[in-house]
Amino acid sequence: MKRPQAQVAVLQAADSDEPRRIDEVAEAADLKPEAATRAAFELEADGLLAVTEETVEHYALTDEGTQYVFESLPEQDLYEAAVDSGADEEPVQMGQVIGASGLEGPAVDIALSNYARKGYGAIDSGEITADPDAKPGSDPEMYALEAVADDRLDEADADALDQLERRGLLSVSEETVRSVLLTDEGVAALDAGVEAAETVDQLTAEMLTSGEWADVEFTEYNVEADAEDVSHGKEHILRQTANRVKDTLVGMGFQEMQGPHVDAQFWINDCLFMPQDHPARTHWDQFALERPDEIKELPADLVERVESAHREGVGPDGEGYHSPWAEDVARGLDLRGHTTSLSMRYLSGEEIGELEPPKRFFSVEKVYRNDTLDPTHLLEFFQIEGWVMAEDLSVRDLMGTFTEFYEQFGITDLEFKPHYNPYTEPSFELFGTHPETGDVVEVGNSGIFREEVLSPLGVDCDVMAWGLSLERLLMLMYGFEDIRDVHGTLCDLELLRTTEVLH
Ligand SMILES: N[C@@H](Cc1ccccc1)C(=O)O
(Lines give C-alpha, C1' and ligand atoms only; values in the text may rest on other atoms or scores of the structure.)
Protein backbone atom coordinates (compact mmCIF):
# COMPACT_ATOMS: atom_id res chain seq x y z
CA MET A 1 0.00 0.00 0.00
CA LYS A 2 1.27 3.47 -0.82
CA ARG A 3 0.62 6.34 1.56
CA PRO A 4 1.99 9.83 1.96
CA GLN A 5 5.34 9.99 3.75
CA ALA A 6 3.95 11.59 6.94
CA GLN A 7 1.30 8.89 7.30
CA VAL A 8 3.84 6.13 6.88
CA ALA A 9 6.07 7.69 9.54
CA VAL A 10 3.16 8.04 11.97
CA LEU A 11 1.99 4.46 11.37
CA GLN A 12 5.47 3.20 12.07
CA ALA A 13 5.84 5.27 15.21
CA ALA A 14 2.45 4.24 16.64
CA ASP A 15 1.94 1.21 18.85
CA SER A 16 -0.83 -1.37 18.93
CA ASP A 17 -0.74 -2.02 22.71
CA GLU A 18 -0.18 1.36 24.31
CA PRO A 19 -1.61 4.68 23.16
CA ARG A 20 1.30 7.03 22.37
CA ARG A 21 1.07 10.77 22.73
CA ILE A 22 1.07 12.59 19.43
CA ASP A 23 4.02 14.78 20.41
CA GLU A 24 6.14 11.67 21.08
CA VAL A 25 4.98 10.15 17.82
CA ALA A 26 5.86 13.37 16.01
CA GLU A 27 9.33 13.34 17.48
CA ALA A 28 9.91 9.70 16.62
CA ALA A 29 8.56 10.27 13.10
CA ASP A 30 10.64 13.43 12.71
CA LEU A 31 7.56 15.51 11.93
CA LYS A 32 6.17 18.76 13.25
CA PRO A 33 3.34 18.10 15.76
CA GLU A 34 0.77 19.67 13.39
CA ALA A 35 1.89 17.46 10.50
CA ALA A 36 1.79 14.36 12.72
CA THR A 37 -1.70 15.31 13.96
CA ARG A 38 -2.94 15.82 10.43
CA ALA A 39 -1.50 12.47 9.32
CA ALA A 40 -3.02 10.78 12.40
CA PHE A 41 -6.49 12.09 11.54
CA GLU A 42 -6.11 10.96 7.95
CA LEU A 43 -5.11 7.49 9.15
CA GLU A 44 -8.01 7.50 11.59
CA ALA A 45 -10.41 8.32 8.76
CA ASP A 46 -9.14 5.23 6.95
CA GLY A 47 -9.49 3.07 10.07
CA LEU A 48 -5.75 2.41 10.52
CA LEU A 49 -5.35 4.40 13.71
CA ALA A 50 -7.50 5.37 16.71
CA VAL A 51 -7.05 8.90 18.02
CA THR A 52 -8.08 9.67 21.60
CA GLU A 53 -8.18 13.01 23.33
CA GLU A 54 -7.89 13.90 26.97
CA THR A 55 -7.67 17.15 28.82
CA VAL A 56 -4.64 17.44 31.02
CA GLU A 57 -4.43 20.04 33.75
CA HIS A 58 -1.17 21.80 34.42
CA TYR A 59 -0.55 23.36 37.78
CA ALA A 60 1.96 26.13 38.40
CA LEU A 61 2.66 28.10 41.54
CA THR A 62 2.11 31.84 41.43
CA ASP A 63 4.78 34.14 42.91
CA GLU A 64 2.83 34.27 46.14
CA GLY A 65 2.53 30.47 46.21
CA THR A 66 6.27 30.09 45.64
CA GLN A 67 7.00 32.51 48.45
CA TYR A 68 4.92 30.44 50.91
CA VAL A 69 6.66 27.22 49.91
CA PHE A 70 9.95 28.75 50.99
CA GLU A 71 8.55 30.42 54.10
CA SER A 72 5.19 29.31 55.52
CA LEU A 73 1.52 30.16 55.11
CA PRO A 74 0.54 33.41 56.89
CA GLU A 75 -2.06 31.53 58.99
CA GLN A 76 0.66 29.15 60.18
CA ASP A 77 2.74 32.15 61.33
CA LEU A 78 -0.29 33.55 63.10
CA TYR A 79 -0.99 30.26 64.89
CA GLU A 80 2.59 29.98 66.07
CA ALA A 81 2.57 33.53 67.44
CA ALA A 82 -0.83 32.92 69.09
CA VAL A 83 0.39 29.79 70.89
CA ASP A 84 3.60 31.57 71.93
CA SER A 85 1.44 34.34 73.47
CA GLY A 86 -0.64 31.82 75.44
CA ALA A 87 -3.78 32.05 73.26
CA ASP A 88 -4.17 28.28 73.56
CA GLU A 89 -5.04 28.89 77.23
CA GLU A 90 -6.94 32.17 77.21
CA PRO A 91 -7.89 34.86 74.68
CA VAL A 92 -5.07 37.30 73.86
CA GLN A 93 -5.30 40.80 72.34
CA MET A 94 -5.12 40.46 68.61
CA GLY A 95 -2.75 43.42 68.12
CA GLN A 96 -0.22 41.75 70.39
CA VAL A 97 -0.32 38.45 68.49
CA ILE A 98 -0.12 40.11 65.09
CA GLY A 99 2.84 42.20 66.27
CA ALA A 100 4.61 39.06 67.46
CA SER A 101 3.86 37.15 64.24
CA GLY A 102 5.78 39.62 62.09
CA LEU A 103 2.89 39.68 59.59
CA GLU A 104 2.36 42.96 57.73
CA GLY A 105 0.09 44.58 55.16
CA PRO A 106 -2.26 42.31 53.19
CA ALA A 107 -0.70 39.21 54.82
CA VAL A 108 -2.58 40.08 58.04
CA ASP A 109 -6.00 39.77 56.40
CA ILE A 110 -4.95 36.62 54.56
CA ALA A 111 -3.76 35.10 57.84
CA LEU A 112 -6.91 36.04 59.76
CA SER A 113 -9.42 34.75 57.22
CA ASN A 114 -7.63 31.43 56.68
CA TYR A 115 -6.98 30.99 60.40
CA ALA A 116 -10.69 31.15 61.07
CA ARG A 117 -11.62 29.06 58.02
CA LYS A 118 -9.25 26.26 59.00
CA GLY A 119 -10.40 26.29 62.62
CA TYR A 120 -6.94 27.08 64.04
CA GLY A 121 -8.79 29.11 66.62
CA ALA A 122 -11.33 31.89 66.95
CA ILE A 123 -11.20 35.64 66.55
CA ASP A 124 -13.73 37.57 68.55
CA SER A 125 -14.01 41.21 69.62
CA GLY A 126 -10.36 41.94 69.01
CA GLU A 127 -9.14 38.87 70.81
CA ILE A 128 -7.74 35.67 69.46
CA THR A 129 -7.68 32.11 70.79
CA ALA A 130 -5.74 29.14 69.46
CA ASP A 131 -7.15 25.62 69.38
CA PRO A 132 -4.48 23.50 71.11
CA ASP A 133 -5.49 20.49 68.96
CA ALA A 134 -5.05 22.24 65.59
CA LYS A 135 -2.20 20.83 63.52
CA PRO A 136 -0.87 23.61 61.27
CA GLY A 137 2.30 21.56 60.88
CA SER A 138 0.41 19.09 58.71
CA ASP A 139 -1.74 21.60 56.83
CA PRO A 140 -3.09 19.90 53.65
CA GLU A 141 -2.83 23.15 51.65
CA MET A 142 0.85 23.53 52.56
CA TYR A 143 1.33 19.87 51.70
CA ALA A 144 -0.34 20.37 48.30
CA LEU A 145 1.70 23.50 47.66
CA GLU A 146 4.92 21.59 48.31
CA ALA A 147 3.72 18.69 46.18
CA VAL A 148 3.17 21.02 43.23
CA ALA A 149 6.57 22.64 43.77
CA ASP A 150 8.26 19.21 43.82
CA ASP A 151 6.24 17.82 40.91
CA ARG A 152 4.54 15.16 43.05
CA LEU A 153 1.06 16.18 41.99
CA ASP A 154 -0.49 12.76 42.64
CA GLU A 155 0.17 13.25 46.37
CA ALA A 156 -1.81 16.48 46.57
CA ASP A 157 -5.38 16.50 47.83
CA ALA A 158 -7.91 17.68 45.21
CA ASP A 159 -9.83 19.94 47.61
CA ALA A 160 -6.60 21.50 48.78
CA LEU A 161 -5.61 22.18 45.16
CA ASP A 162 -8.97 23.86 44.52
CA GLN A 163 -8.52 25.97 47.59
CA LEU A 164 -5.01 27.01 46.51
CA GLU A 165 -6.34 28.06 43.13
CA ARG A 166 -9.05 30.11 44.82
CA ARG A 167 -6.43 31.75 47.01
CA GLY A 168 -4.43 32.70 43.93
CA LEU A 169 -1.45 30.56 44.98
CA LEU A 170 -1.80 28.22 42.06
CA SER A 171 -2.70 28.69 38.43
CA VAL A 172 -4.28 25.89 36.45
CA SER A 173 -4.20 25.60 32.68
CA GLU A 174 -5.73 22.96 30.47
CA GLU A 175 -4.19 21.21 27.50
CA THR A 176 -5.80 18.81 25.06
CA VAL A 177 -3.50 15.86 24.63
CA ARG A 178 -4.07 13.47 21.74
CA SER A 179 -2.79 9.93 21.66
CA VAL A 180 -2.80 7.37 18.89
CA LEU A 181 -3.18 3.59 18.91
CA LEU A 182 -2.76 1.28 15.93
CA THR A 183 -5.96 -0.55 15.05
CA ASP A 184 -6.00 -4.17 13.87
CA GLU A 185 -6.35 -2.85 10.35
CA GLY A 186 -3.33 -0.62 10.93
CA VAL A 187 -1.27 -3.59 12.14
CA ALA A 188 -2.39 -5.62 9.13
CA ALA A 189 -1.45 -2.77 6.78
CA LEU A 190 2.02 -2.51 8.34
CA ASP A 191 2.48 -6.29 8.08
CA ALA A 192 1.50 -6.20 4.44
CA GLY A 193 4.00 -3.40 3.91
CA VAL A 194 3.36 0.30 3.52
CA GLU A 195 5.49 2.47 1.31
CA ALA A 196 5.83 6.20 1.17
CA ALA A 197 4.23 7.56 -1.94
CA GLU A 198 5.75 10.59 -3.53
CA THR A 199 2.82 12.78 -2.80
CA VAL A 200 2.96 16.50 -2.49
CA ASP A 201 0.76 18.37 -0.09
CA GLN A 202 1.73 21.88 -1.05
CA LEU A 203 1.99 23.49 -4.42
CA THR A 204 4.99 25.82 -4.54
CA ALA A 205 6.02 28.62 -6.87
CA GLU A 206 9.05 26.53 -7.87
CA MET A 207 6.87 23.62 -8.95
CA LEU A 208 4.81 25.94 -11.08
CA THR A 209 7.79 27.51 -12.83
CA SER A 210 9.65 24.23 -13.36
CA GLY A 211 6.55 22.46 -14.62
CA GLU A 212 7.10 19.72 -12.02
CA TRP A 213 3.53 20.15 -10.81
CA ALA A 214 2.25 18.24 -13.83
CA ASP A 215 4.04 15.03 -12.84
CA VAL A 216 3.62 14.85 -9.07
CA GLU A 217 0.85 13.13 -7.18
CA PHE A 218 -1.01 15.38 -4.76
CA THR A 219 -2.12 14.35 -1.29
CA GLU A 220 -5.86 13.94 -1.09
CA TYR A 221 -7.85 16.44 0.86
CA ASN A 222 -9.44 15.17 4.02
CA VAL A 223 -12.18 17.66 4.65
CA GLU A 224 -13.06 15.95 7.93
CA ALA A 225 -9.60 16.32 9.44
CA ASP A 226 -9.35 18.44 12.53
CA ALA A 227 -7.80 21.69 11.47
CA GLU A 228 -6.39 24.58 13.42
CA ASP A 229 -8.88 27.37 14.11
CA VAL A 230 -7.92 30.48 12.22
CA SER A 231 -9.74 33.55 13.39
CA HIS A 232 -9.89 35.70 10.33
CA GLY A 233 -11.11 39.24 10.05
CA LYS A 234 -14.86 39.55 9.79
CA GLU A 235 -17.52 42.15 9.87
CA HIS A 236 -18.32 43.26 13.42
CA ILE A 237 -21.68 41.98 14.66
CA LEU A 238 -22.86 45.53 15.23
CA ARG A 239 -22.09 46.39 11.62
CA GLN A 240 -23.75 43.15 10.47
CA THR A 241 -26.85 44.00 12.48
CA ALA A 242 -26.81 47.60 11.21
CA ASN A 243 -26.82 46.25 7.66
CA ARG A 244 -29.67 43.91 8.47
CA VAL A 245 -31.63 46.82 9.97
CA LYS A 246 -30.99 48.85 6.82
CA ASP A 247 -32.20 46.00 4.62
CA THR A 248 -35.29 45.60 6.77
CA LEU A 249 -36.17 49.29 6.61
CA VAL A 250 -35.53 49.48 2.89
CA GLY A 251 -37.86 46.49 2.59
CA MET A 252 -40.46 48.50 4.50
CA GLY A 253 -40.20 51.32 1.95
CA PHE A 254 -37.72 53.64 3.70
CA GLN A 255 -34.92 55.66 2.09
CA GLU A 256 -31.59 56.30 3.83
CA MET A 257 -30.51 59.71 5.19
CA GLN A 258 -26.90 60.79 5.50
CA GLY A 259 -25.34 63.73 7.25
CA PRO A 260 -22.61 65.12 9.47
CA HIS A 261 -21.50 63.68 12.81
CA VAL A 262 -20.54 67.19 13.90
CA ASP A 263 -23.44 69.54 13.42
CA ALA A 264 -24.81 72.90 14.44
CA GLN A 265 -26.89 73.00 17.59
CA PHE A 266 -29.46 74.53 15.28
CA TRP A 267 -30.08 71.19 13.58
CA ILE A 268 -29.52 69.13 16.72
CA ASN A 269 -31.61 71.16 19.15
CA ASP A 270 -33.17 74.42 17.96
CA CYS A 271 -35.19 72.93 15.11
CA LEU A 272 -36.50 70.47 17.67
CA PHE A 273 -38.03 73.23 19.76
CA MET A 274 -35.58 72.63 22.58
CA PRO A 275 -35.19 75.90 24.49
CA GLN A 276 -31.61 77.12 24.62
CA ASP A 277 -31.61 76.80 28.39
CA HIS A 278 -32.82 73.16 28.19
CA PRO A 279 -30.74 70.96 30.53
CA ALA A 280 -29.90 68.43 27.78
CA ARG A 281 -28.16 71.21 25.86
CA THR A 282 -25.42 71.79 28.40
CA HIS A 283 -22.06 70.41 27.47
CA TRP A 284 -22.42 67.76 30.13
CA ASP A 285 -24.66 65.90 27.75
CA GLN A 286 -23.34 66.78 24.31
CA PHE A 287 -19.69 67.18 23.30
CA ALA A 288 -18.90 70.64 21.91
CA LEU A 289 -16.20 71.42 19.37
CA GLU A 290 -13.57 73.98 20.25
CA ARG A 291 -12.26 74.52 16.73
CA PRO A 292 -14.10 75.27 14.54
CA ASP A 293 -16.76 76.24 17.03
CA GLU A 294 -19.36 77.53 14.58
CA ILE A 295 -21.17 76.35 11.47
CA LYS A 296 -20.58 78.47 8.36
CA GLU A 297 -23.95 78.31 6.72
CA LEU A 298 -27.49 78.17 8.04
CA PRO A 299 -30.57 78.96 5.94
CA ALA A 300 -31.48 82.50 7.11
CA ASP A 301 -35.24 82.20 6.55
CA LEU A 302 -35.43 78.93 8.47
CA VAL A 303 -33.35 80.42 11.31
CA GLU A 304 -35.84 83.26 11.50
CA ARG A 305 -38.86 80.94 11.64
CA VAL A 306 -37.25 78.70 14.26
CA GLU A 307 -36.36 81.72 16.39
CA SER A 308 -39.91 82.96 16.17
CA ALA A 309 -41.29 79.55 17.20
CA HIS A 310 -39.05 79.63 20.28
CA ARG A 311 -39.91 83.21 21.20
CA GLU A 312 -43.59 83.45 20.27
CA GLY A 313 -44.72 79.91 19.60
CA VAL A 314 -46.63 78.83 16.53
CA GLY A 315 -50.21 79.70 15.49
CA PRO A 316 -52.66 82.17 16.98
CA ASP A 317 -52.55 80.51 20.43
CA GLY A 318 -48.78 80.09 20.37
CA GLU A 319 -46.98 80.86 23.60
CA GLY A 320 -43.33 80.06 22.92
CA TYR A 321 -40.83 79.67 25.70
CA HIS A 322 -40.14 83.36 26.26
CA SER A 323 -36.65 82.15 27.06
CA PRO A 324 -33.52 83.74 25.61
CA TRP A 325 -32.64 82.65 22.05
CA ALA A 326 -29.38 83.60 20.38
CA GLU A 327 -28.21 82.70 16.90
CA ASP A 328 -24.64 82.35 18.25
CA VAL A 329 -25.76 79.43 20.36
CA ALA A 330 -27.59 77.86 17.43
CA ARG A 331 -24.42 78.11 15.34
CA GLY A 332 -22.30 76.26 17.92
CA LEU A 333 -20.89 72.93 16.71
CA ASP A 334 -21.39 69.72 18.69
CA LEU A 335 -20.98 66.01 18.14
CA ARG A 336 -24.60 65.09 17.48
CA GLY A 337 -26.33 63.61 20.54
CA HIS A 338 -28.98 62.09 18.32
CA THR A 339 -29.52 61.65 14.59
CA THR A 340 -32.76 63.61 14.75
CA SER A 341 -30.49 66.37 13.38
CA LEU A 342 -30.57 64.46 10.08
CA SER A 343 -34.36 64.25 10.18
CA MET A 344 -34.47 68.04 10.61
CA ARG A 345 -32.14 68.59 7.68
CA TYR A 346 -34.24 66.34 5.43
CA LEU A 347 -37.65 67.57 6.60
CA SER A 348 -36.63 71.22 6.12
CA GLY A 349 -36.03 70.56 2.43
CA GLU A 350 -32.38 71.68 2.82
CA GLU A 351 -30.94 68.26 2.06
CA ILE A 352 -32.80 66.97 -1.00
CA GLY A 353 -35.41 69.66 -1.67
CA GLU A 354 -39.05 69.98 -0.63
CA LEU A 355 -40.74 66.68 0.17
CA GLU A 356 -44.26 65.66 -0.69
CA PRO A 357 -46.07 63.12 1.52
CA PRO A 358 -46.01 60.17 1.80
CA LYS A 359 -42.30 59.77 2.58
CA ARG A 360 -40.30 57.42 4.78
CA PHE A 361 -36.67 58.01 5.76
CA PHE A 362 -34.17 56.34 8.13
CA SER A 363 -30.53 56.29 9.18
CA VAL A 364 -28.44 53.87 11.24
CA GLU A 365 -25.62 56.06 12.45
CA LYS A 366 -23.46 56.90 15.44
CA VAL A 367 -24.43 59.44 18.07
CA TYR A 368 -22.34 60.79 20.95
CA ARG A 369 -23.30 61.55 24.53
CA ASN A 370 -21.39 62.44 27.64
CA ASP A 371 -22.88 59.57 29.67
CA THR A 372 -21.31 57.67 32.54
CA LEU A 373 -19.99 54.34 31.30
CA ASP A 374 -21.86 51.32 32.61
CA PRO A 375 -23.15 48.00 31.24
CA THR A 376 -25.82 49.74 29.19
CA HIS A 377 -24.20 53.11 28.39
CA LEU A 378 -21.25 54.14 26.30
CA LEU A 379 -20.10 57.56 25.11
CA GLU A 380 -21.25 56.65 21.64
CA PHE A 381 -23.84 54.31 20.22
CA PHE A 382 -25.73 53.63 17.03
CA GLN A 383 -29.16 55.13 16.66
CA ILE A 384 -31.78 53.79 14.31
CA GLU A 385 -33.48 57.03 13.35
CA GLY A 386 -36.60 57.09 11.26
CA TRP A 387 -39.67 59.03 10.32
CA VAL A 388 -42.81 58.74 8.27
CA MET A 389 -44.43 61.79 6.71
CA ALA A 390 -48.10 61.36 5.73
CA GLU A 391 -51.55 62.87 6.10
CA ASP A 392 -53.35 61.85 9.30
CA LEU A 393 -50.95 59.70 11.27
CA SER A 394 -51.92 58.31 14.64
CA VAL A 395 -50.34 56.46 17.53
CA ARG A 396 -51.63 53.22 16.01
CA ASP A 397 -49.43 53.83 12.96
CA LEU A 398 -46.43 54.40 15.20
CA MET A 399 -47.04 51.25 17.23
CA GLY A 400 -47.81 49.22 14.12
CA THR A 401 -44.54 50.28 12.48
CA PHE A 402 -42.51 49.26 15.54
CA THR A 403 -44.34 45.96 15.90
CA GLU A 404 -43.65 45.15 12.27
CA PHE A 405 -40.01 46.24 12.50
CA TYR A 406 -39.09 44.42 15.73
CA GLU A 407 -40.95 41.26 14.71
CA GLN A 408 -38.41 40.79 11.94
CA PHE A 409 -35.76 40.48 14.65
CA GLY A 410 -37.77 38.00 16.69
CA ILE A 411 -38.91 40.57 19.26
CA THR A 412 -42.62 40.27 19.80
CA ASP A 413 -43.13 41.52 23.36
CA LEU A 414 -42.72 45.27 22.86
CA GLU A 415 -44.12 47.56 25.52
CA PHE A 416 -44.95 51.25 25.10
CA LYS A 417 -44.88 53.83 27.87
CA PRO A 418 -45.98 57.45 27.60
CA HIS A 419 -42.98 59.77 27.71
CA TYR A 420 -42.01 63.41 27.30
CA ASN A 421 -39.88 64.97 24.54
CA PRO A 422 -39.80 68.71 23.92
CA TYR A 423 -40.38 68.02 20.23
CA THR A 424 -43.04 65.31 20.08
CA GLU A 425 -46.55 65.07 21.41
CA PRO A 426 -47.57 62.41 22.21
CA SER A 427 -44.26 60.63 22.96
CA PHE A 428 -43.57 57.00 23.79
CA GLU A 429 -40.66 55.04 25.09
CA LEU A 430 -40.29 51.47 23.83
CA PHE A 431 -39.23 48.53 25.96
CA GLY A 432 -38.35 44.89 25.32
CA THR A 433 -37.55 41.98 27.64
CA HIS A 434 -33.96 40.81 27.99
CA PRO A 435 -33.89 37.11 27.02
CA GLU A 436 -31.39 36.15 29.76
CA THR A 437 -32.12 38.38 32.72
CA GLY A 438 -35.83 38.95 32.09
CA ASP A 439 -35.28 42.66 32.78
CA VAL A 440 -37.35 45.16 30.87
CA VAL A 441 -34.87 47.16 28.77
CA GLU A 442 -35.53 50.51 27.09
CA VAL A 443 -34.89 50.19 23.38
CA GLY A 444 -36.08 53.47 21.96
CA ASN A 445 -37.96 56.71 22.06
CA SER A 446 -40.56 58.02 19.66
CA GLY A 447 -43.45 60.34 19.02
CA ILE A 448 -45.34 62.56 16.62
CA PHE A 449 -43.61 65.87 15.88
CA ARG A 450 -45.23 68.97 17.36
CA GLU A 451 -46.57 71.81 15.29
CA GLU A 452 -43.78 73.99 16.76
CA VAL A 453 -41.26 71.72 15.03
CA LEU A 454 -43.05 71.11 11.73
CA SER A 455 -44.41 74.57 11.00
CA PRO A 456 -41.01 76.37 10.83
CA LEU A 457 -39.71 73.50 8.67
CA GLY A 458 -42.58 74.16 6.27
CA VAL A 459 -44.15 70.71 6.71
CA ASP A 460 -47.94 70.80 6.81
CA CYS A 461 -48.81 67.12 7.24
CA ASP A 462 -48.10 64.66 10.07
CA VAL A 463 -44.68 63.24 10.83
CA MET A 464 -44.12 60.39 13.26
CA ALA A 465 -40.52 59.71 14.26
CA TRP A 466 -38.21 57.67 16.47
CA GLY A 467 -34.70 56.98 17.65
CA LEU A 468 -33.94 53.37 18.58
CA SER A 469 -30.73 51.93 19.95
CA LEU A 470 -28.95 49.41 17.74
CA GLU A 471 -26.92 48.08 20.69
CA ARG A 472 -30.03 47.43 22.77
CA LEU A 473 -31.61 45.63 19.81
CA LEU A 474 -28.48 43.46 19.68
CA MET A 475 -28.78 42.78 23.44
CA LEU A 476 -32.32 41.52 23.00
CA MET A 477 -31.36 39.44 19.98
CA TYR A 478 -28.26 37.77 21.41
CA GLY A 479 -28.80 38.02 25.16
CA PHE A 480 -25.52 39.60 26.17
CA GLU A 481 -25.68 41.79 29.20
CA ASP A 482 -22.82 44.24 28.94
CA ILE A 483 -22.54 46.53 25.95
CA ARG A 484 -18.80 46.70 26.62
CA ASP A 485 -18.58 43.05 25.50
CA VAL A 486 -19.25 44.32 22.00
CA HIS A 487 -17.44 47.67 21.83
CA GLY A 488 -14.11 48.96 23.02
CA THR A 489 -11.14 47.65 24.95
CA LEU A 490 -13.08 45.27 27.21
CA CYS A 491 -14.85 43.54 24.32
CA ASP A 492 -15.34 39.78 24.36
CA LEU A 493 -13.39 38.59 21.32
CA GLU A 494 -14.78 35.06 21.53
CA LEU A 495 -18.34 36.41 21.37
CA LEU A 496 -17.44 38.68 18.45
CA ARG A 497 -15.77 35.83 16.60
CA THR A 498 -18.50 33.27 17.06
CA THR A 499 -21.78 35.18 16.97
CA GLU A 500 -23.50 34.89 13.62
CA VAL A 501 -26.05 37.44 12.52
CA LEU A 502 -28.76 35.65 10.59
CA HIS A 503 -30.13 37.39 7.56
N1 LIG B 1 -34.07 61.94 19.53
C2 LIG B 1 -34.69 60.99 20.42
C3 LIG B 1 -35.42 59.94 19.66
C4 LIG B 1 -36.63 60.51 18.94
C5 LIG B 1 -36.50 60.87 17.63
C6 LIG B 1 -37.61 61.41 16.96
C7 LIG B 1 -38.80 61.55 17.65
C8 LIG B 1 -38.90 61.19 18.97
C9 LIG B 1 -37.81 60.68 19.60
C10 LIG B 1 -33.63 60.33 21.28
O11 LIG B 1 -32.47 60.44 20.99
O12 LIG B 1 -33.92 59.70 22.26
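Parameters at a glance
Residues numbered from 1 in each chain as written. Predicted model: local features only at pLDDT ≥ 70, side-chain atom pairs only at ≥ 80, totals over all residues. Heavy atoms only, no water. UniProt positions renumbered as here; feature names shortened; annotations may be inferred. Buried < 20%, exposed > 50% of the residue type's maximum accessible area, 1.4 Å probe, protein only. Helix = DSSP H or I, 4+ residues; strand = E, 2+ residues; numbered from the N terminus. Arc of directions from axis to C-beta. Near = heavy atom within 4 Å. Polar contact = N/O pair within 3.5 Å; in protein donor to acceptor, adjacent residues only side chain to side chain. Areas by Shrake-Rupley, 256 points an atom, 1.4 Å probe, with all protein chains shown as cover. Nonpolar A, V, L, I, M, F, W, Y, C, P; charged D, E, K, R; others polar. Axes fitted to C-alpha atoms, helices over the stretch in contact; angles between N-to-C directions. Parallel < 35°, antiparallel > 145°, perpendicular 65-115°, else oblique. Contact = heavy atoms within 4.5 Å. Pairing = 2+ DSSP bridges. Patch = residues over 30% accessible without salt bridge, like charges linked within 9 Å, V, L, I, M, F, W, Y side chains within 5 Å. Salt bridge = Lys/Arg side-chain N within 4 Å of Asp/Glu carboxyl O. Core = buried A, V, L, I, M, F, W, Y, C linked by side-chain atoms within 4.5 Å. Lys, Arg positive; Asp, Glu negative; His and termini not counted. Charge placed at Lys NZ, Arg CZ, Asp CG, Glu CD.

In the nomenclature of an unreviewed UniProt entry, the protein chain corresponds to phenylalanine--tRNA ligase from the organism Haloarcula saliterrae. Among the UniProt annotations of the protein chain, the heading Sequence similarities (unreviewed entry) holds the following wording: "Belongs to the class-II aminoacyl-tRNA synthetase family. Phe-tRNA synthetase alpha subunit type 2 subfamily."

Draft legend 1. Representation of helix H9 (residues 158-166). Restricting attention to buried positions, one finds in H9 the residues Ala160, Leu161, Gln163 and Leu164. For H9, the buried positions fall inside an angular range of 160° around the axis, keeping them on one side. Among the exposed residues of H9, those oriented more than 90 degrees off its buried face are Ala158, Asp159 and Arg166. Remark: glycine 168 follows H9 within two positions and exhibits a positive phi of approximately 75°.

Draft legend 2. Expanded view of the site of the ligand. Around the ligand, the surrounding shell holds 14 residues, and the nearest of these are His338, Thr340, Arg369, Gln383 and Asn445. One of the side-chain nitrogen or oxygen atoms of threonine 340 is found 2.9 Å away from a nitrogen atom of the ligand. One of the side-chain nitrogen or oxygen atoms of glutamine 383 is found 2.8 Å away from an oxygen atom of the ligand. Against a free-state accessible area of 330 Å², the protein chains account for coverage of 94% of the ligand. Mapped by element, the contributors of at least two residues to the shell around the ligand are strand E15 (380-390), strand E18 (440-449) and strand E19 (462-469). Class assignment for the residues of the shell around the ligand results in three nonpolar, nine polar and two charged.

Draft legend 3. Structural view of the packing of helix H8 (residues 140-149) against H9. Here H8 crosses H9 at 85°, and the two axes come no closer than 9 Å. Here H8 is positioned roughly perpendicular relative to H9, judged by the angle of their axes. On the side of H8, the interface is formed by Pro140, Glu141, Ala144, Leu145 and Val148, while H9 contributes Ala160, Leu161, Gln163 and Leu164. Split into classes, the residues belonging to the contact of H8 with H9 amount to seven nonpolar, one polar and one charged.

Draft legend 4. The sheet that holds strand E5 (residues 123-124), seen in detail. Reading across the sheet, the three strands line up as E4-E6-E5 and stay open at both edges, with antiparallel pairing between neighbours. Looking at which strands have only one partner, the edges of the open sheet turn out to be strand E4 (92-93) and E5. In this sheet, strand E6 (residues 127-128) lies alongside E4 in antiparallel orientation, the contact comprising two bridges. Looking at the pairing, glutamine 93 lines up with glutamate 127 of E6.

Draft legend 5. Spatial organisation of the packing of helix H12 (residues 237-251) against helix H19 (residues 470-478). Contact geometry for H12 and H19: axes closest at 10 Å, N-to-C directions at 100°. Our classification of the angle between H12 and H19 gives roughly perpendicular. Facing H12, whose interface residues are Ile237, Leu238, Thr241, Ala242, Arg244 and Val245, H19 presents Leu470, Glu471, Leu473, Leu474, Met477 and Tyr478.

Draft legend 6. Local environment of a nonpolar patch on the surface. A grouping of Leu203, Leu208, Trp213 and Phe218 is seen on the molecular surface, where their side chains present a nonpolar patch of about 410 Å² in accessible area. With respect to the helices and strands, tryptophan 213 occurs in the loop between helix H11 (205-210) and strand E10 (217-218). Tryptophan 213 gets classed as partly exposed once you look at its relative accessible area, which sits at 42%.

Draft legend 7. Inspection of the nonpolar core at higher detail. One finds Val245, Ile384, Phe405, Tyr406, Leu470 and Leu473 to be the most contacted residues of the largest nonpolar core, which totals 41 residues. Within the residue set of this core, elements represented by two or more residues are H12, strand E14 (359-368), E15, helix H17 (395-407), strand E17 (424-433), E18, E19 and H19. Top contributing element to this core by residue count: H19, with six residues. Discounting chain neighbours no more than four positions away, the residues touching valine 245 are Val364, Ile384, Phe405, Phe409, Leu470 and Leu473.

Draft legend 8. Representation of the sheet that holds strand E3 (residues 49-61) in the model. Read across the sheet, three strands follow the order E2-E7-E3 without closing on themselves; strand pairing throughout is antiparallel. Lying at the two open borders of the sheet, with one neighbouring strand each, are strand E2 (20-21) and E3.

Draft legend 9. Just a negative patch on the surface, in detail. Residues Asp301, Glu304, Glu350, Glu354, Glu356, Glu391, Asp392, Glu451 and Asp460 make up a contiguous surface patch of negative charge. The residue glutamate 391 is located in the loop between E15 and H17 in this model.

Draft legend 10. A look at unusual backbone geometry. Cis geometry is adopted by the peptide bond preceding proline 292, which originates at arginine 291 and carries an omega value of -10°. Here proline 292 is to be found in the loop between helix H13 (265-268) and helix H14 (300-312). With an omega of 0°, the peptide bond between glutamate 425 and proline 426 qualifies as cis. Structurally, the position occupied by proline 426 is in strand E17. With a phi close to 65°, aspartate 151 is a non-glycine residue in the positive phi region. Residue position: aspartate 151 is located in the loop between H8 and H9.

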